[in-house]
Amino acid sequence: MVINKTFIDNEKSYKLKNKLMYKIGGKCMVTIQEEVKNFNGLNVHFVPNEKFKTVHIVVKFRAPLSRETITKRALLPYVLQQGPKKYPSRKELQIVLDDLYGAVLSIDGGKKGDSHILSFRLEVANEKFIPNESNIMDKAVSLLNDVIFHPNVDGKSFHDTVFNREKETLKQKIRSIVDDKMKYANMRLIDEMCEGETFKTHVSGYEEDLTSLTSQDLYQYYQDLLKNDQIDIYVLGDVEVNKMEEVISSSFKREGYQNDNKKADTEQSTSKKEVKEVIEEQNIQQAKLHIGYRTNIRFQDSNYAALQVFNGVLGGFPGSKLFINVREKNSLAYYASSRLESHKGLLLVFSGIAPKDYKKARDIMEEQMEAMKNGDITENELKETKDLIVNSLQETLDHPQGIIEMLYQQVIADTQITPNELIENIKKVTLEEVIEVGKSIVEDTVYLLTNEGGA
Amino acid sequence: MDKKEYSLIEETLFHEKLQNGLDVYLLPRPQMSKTYAIFSTNYGSIDRTFVPIGESEEITVPDGIAHFLEHKLFEKKDRDVFADFGKQGASANAYTSFTKTAYLFSATSNIEENVETLLDFVQDPYFSEQSVEKEKGIIGQEIKMYDDQPDWQSFMGTLRRLFKETPVNIDIAGTSESISEITNDDLYSCYDTSYHHENMPFFIA
């Protein structure tokens, strides 16, 4: 028996999470097919794919991000995960999932640019691989419909016991962010950088708003959400589109949907005149240095591929400038990378360093950005970075959830770029385009979380 | 080559023990773009007291050395192996547990070249005093990062309480003090003793 916690080197889980990538080259070119149909007030995306032995159904609710609704949207996954009216406890819900050969249901929320997305995900075995089974899909869709549209309510509110318990769970979750130093530092950087902007809204909600929230408020809001949010359903797996369309259209019905198309158009960033420096102290061993830049380029922009390459050369991989200079040459850190907030137009650089090395590390990190802007990029760096981004995108297309998230990017950005186009765009990026992109990148905020006494 | 078929899930696993003792496992996944290969040794952080190969006296090496060795295998006399994988469009990594050290890559192209790079670099150690010293700063920060993670601290704290007499109670990465004692010679004696074909399965999917 192997104890499951191991030291994984050189790549942060943090970074992995934010990677969105594709596939080409090598032996076969995989084309992702997507067929979108609109019925019953829903946008249903069918993604037939023979790679996988399970079927994934993901239902996404999208609304503008706002302080007013975020705490409710953060609490809903916890409450709904406790079971619908028909299976009104965690145990009863689990039994139904177990009967579906260990299906997995998860509900989560997140922000992309100035939108908030609530996702219900169900992964279920494809009945094709199970002898004498033919109605798993019907049962799975019907379960998901129950969880979403027929929650466990008591009159016009959620059950108090469930509500109060889950409220406590969310409170603990909000309070625990400070224990995850990398996450905390990232959140604080965004707080400082995007002060006064919608994007700084905390996705876990706010404790002070949670305290005053009642079960009636939450249920009332959930009714609004079901009526007004934009809903996109993804069905991915080795299934027949016609049959699935029938199953879904007979189960999912949304009443009174008004398509008023109120999209959250992400605010354009405003740059500060001077770089803002924020230093915060805690009782910790390692300092976290996070630097935020405005790229002024978003997913839907024509130079987004060049920006991805820019980010890759700077800090996306173990061969990147940040890794080589902060870690390998100067031995200052275990990790030093960068990533993009693609729907907001930010580039974030981050590293974990000894508190005493703040000035030195900051200088080296800022120098790497300057080098990028000055066009100090070799043809080799460019080629390797493009290959690695393409590799990473292709790998993402081996994951069902990766494919779905990739496709959903288009909905968020209100644009049409297929996975294959994204890959082709990366391959076409030139050195000149990367250098050009550098011109629009502006340093905004430096955030340091360090130990008490600062050294 | 042995062949094991799992007809219900439509998968076939191939295995062969080569003459040099290496166990090779192949799992073809023709639908997938990604190839994942892992080359590991049954040597981890708990293996700290042993008789080095070719000697008769038992020695105890500094805590955290298996993990230190994992980092240092990537660095060669003239280059960094990460760069080799990068040139071939692959993403490489490695990890150390209590009982194993594993080296791996994933890629969607240049598979044969990347397999060669993986097998070669793990079998070709190069340690120098200068690069060993440099790594102490990097791993020192890796240890500090874990020091600030409550879940890892409670996990290790539990092990320390449960297992008072066995080396599973020592953090895989060691401590800043223990790694400061690591030398070139220590790394070579751990490597020579534990990195053998008979002790190192290779798996590719």
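Residues numbered from 1 in each chain as written. Chains lettered and ligands numbered in written order. Predicted model: local features only at pLDDT ≥ 70, side-chain atom pairs only at ≥ 80, totals over all residues.

(A) Representation of the overall build of chain A. What chain A contains, in helices and strands, is 16 helices and 14 strands. Its C-alpha atoms give chain A a radius of gyration of 23 Å, within 12% of the compact-globule value 23 Å for 455 residues. When contacts within chain A are restricted to residue pairs at least 6 apart in sequence, those whose partners lie at least 24 apart make up 81%. (Helix = DSSP H or I, 4+ residues; strand = E, 2+ residues; numbered from the N terminus. Rg over C-alpha atoms; globule rule 2.2 N^0.38 Å. Contact = placed C-beta atoms within 7 Å.)

(B) Representation of the overall build of chain B within the structure. A tally of regular secondary structure across chain B gives seven helices and nine strands. Reported as C-alpha extents along the three principal axes, the dimensions of chain B are approximately 50 × 40 × 40 Å. Each of the 205 residues in chain B was classed as buried or not, and the buried ones make up 38%. (Buried ≥ 20, exposed ≤ 12 C-beta atoms within 10 Å, placed from the backbone.)

(C) Quick peek at the sheet that holds strand β13 (residues 346–353) of chain A. Residue and element names in this part refer to chain A. The strand order β10-β14-β11-β13-β12 describes an open sheet built from five strands, whose pairing is mixed. The sheet is open, and its two borders are formed by β10 (276–282) and β12 (333–341), each paired with just one other strand. With strand direction ignored, the average angle separating the axes of adjacent strands in the sheet is 15 degrees. Two elements, strand β11 (residues 287–294) and β13, share eight bridges in a ladder whose sense is antiparallel. Opposite A287, over in β13, you have I353 as the bridge partner. Across the sheet, helix α10 (residues 304–316) is in contact with β12 and β13; its angle to β12 comes to roughly 170 degrees. (Pairing = 2+ DSSP bridges. Axes fitted to C-alpha atoms, helices over the stretch in contact; angles between N-to-C directions.)

(D) Broad picture of the interface of chain A and chain B. In this complex, chain A contributes 43 residues to the contact, which on the side of chain B involves 41 residues. Of all the secondary-structure elements, those providing two or more residues to the side of chain A that touches chain B are β1 (7–8), α11 (321–329), β12, β13 and α13 (379–396) of chain A. Among the elements that line the side of chain A that touches chain B, the one with the most residues is α13(A), at seven residues.

(E) Quick look at the sheet that holds strand β3 (residues 42–48) of chain A. Residues and elements named next belong to chain A. Judged by pairing direction, the sheet is mixed, and its six strands sit side by side in the order β2-β3-β9-β4-β6-β5 without closing on themselves. Only two strands of the sheet have a single partner each, and these edge strands are β2 (35–39) and β5 (104–112). Here the strands of the sheet are splayed against their neighbours by 20 degrees on average, with no regard to which way each runs. Pairing of β2 with β3 involves five bridges; the strand directions are antiparallel. Bridge pairing in β3 places K37 opposite V44. Packed onto the sheet, helix α14 (residues 400–413) meets β3, β4 (54–64), β5, β6 (115–125) and β9 (230–237) and runs at close to 150 degrees relative to β9.

(F) Representation of the nonpolar core. With 152 residues, the main nonpolar core has A:I57, A:A140, A:L144, A:V309, A:F310 and A:V326 as its most contacted residues. Setting aside residues up to four positions removed in sequence, A:A140 forms contacts with A:I57, A:L100, A:A103, A:L122 and A:V124. (Core = buried A, V, L, I, M, F, W, Y, C linked by C-beta atoms within 7 Å.)

(G) Structural view of unusual backbone geometry. All names here are of chain A. Positive phi is not limited to glycine here, since N40 has a value of about 50 degrees. As for its position among the elements, N40 is in the loop between β2 and β3. Even without being glycine, N132 reaches a positive phi, approximately 60 degrees. Tracing the backbone through its elements, the reader meets N132 in the loop between β6 and α4 (136–149).

(H) Main features of the environment of A:V326. Residue and element names in this part refer to chain A. For V326, the location among the structural elements is in helix α11. Spatially, the C-alpha atom of V326 lies 8.6 Å from that of S351, the residues being 25 residues apart in sequence. Discounting residues that sit within four places of it in the chain, V326 has contacts with L332, A333, A336, S351, A361, I364 and M365.

(I) Representation of the packing of α10(A) against α11(A) in the model. Residue and element names in this part refer to chain A. At a minimum axis distance of 5 Å, the contact between α10 and α11 shows a crossing angle of 15 degrees. Taken together, α10 and α11 sit at an angle that is classed as roughly parallel. From α10, V313, L314 and G315 reach across to α11, where they touch K321, L322 and F323. Class assignment for the residues of the contact of α10 with α11 results in four nonpolar, one polar and one charged. (Parallel < 35°, antiparallel > 145°, perpendicular 65-115°, else oblique. Nonpolar A, V, L, I, M, F, W, Y, C, P; charged D, E, K, R; others polar.)

(J) A look at the environment of A:Q308. Residue and element names in this part refer to chain A. By secondary structure assignment, the location of Q308 is in helix α10. By C-beta crowding, Q308 is classed as buried, having 28 other C-beta atoms within 10 Å. Ignoring sequence-local partners within four residues, the contact set of Q308 consists of L340, I389 and I426.

(K) Focus on the confidence of the model for chain A. Confidence in the prediction for chain A averages 90 pLDDT; 90% of positions are at 70 or higher. Here residues 1–28 of chain A is modelled with pLDDT under 50, and outside its nearest four sequence neighbours on either side it reaches 66 contacts, counting other chains as well. (pLDDT = per-residue confidence, 0-100.)

(L) Structural context of the environment of B:F74. Residue and element names in this part refer to chain B. Looking at where F74 falls in the secondary structure, it is placed in the loop between α1 (65–73) and α2 (81–87). Its 23 C-beta neighbours within 10 Å are what place F74 among the buried residues. Once you skip the residues sitting within four places of it in the chain, F74 turns out to touch D80, V81 and F82.

(M) Highlighting the packing of α10(A) against α13(A). Residue and element names in this part refer to chain A. For the pair α10 and α13, interaxial distance at closest approach is 9 Å and the crossing angle is 105 degrees. By the angle between their axes, α10 is roughly perpendicular relative to α13. Here Q308, V309, G312, V313 and G316 of α10 lie close against α13, whose contacting residues are E381, L382, T385, K386, L388 and I389. Class assignment for the residues of the contact of α10 with α13 results in five nonpolar, four polar and two charged.

(N) Highlighting the pairing of β4(A). All names here are of chain A. Along β4, nine of the 11 residues are buried, which leaves the element largely enclosed by surrounding structure. Pairing between β4 and β6: 11 bridges, direction antiparallel. Bridging from a neighbouring strand, V55 pairs with V124 of β6. Relative to β9, β4 is paired through seven bridges, and the arrangement is antiparallel. Residue K60 lies in a different strand from β9, and its bridge partner there is D232.

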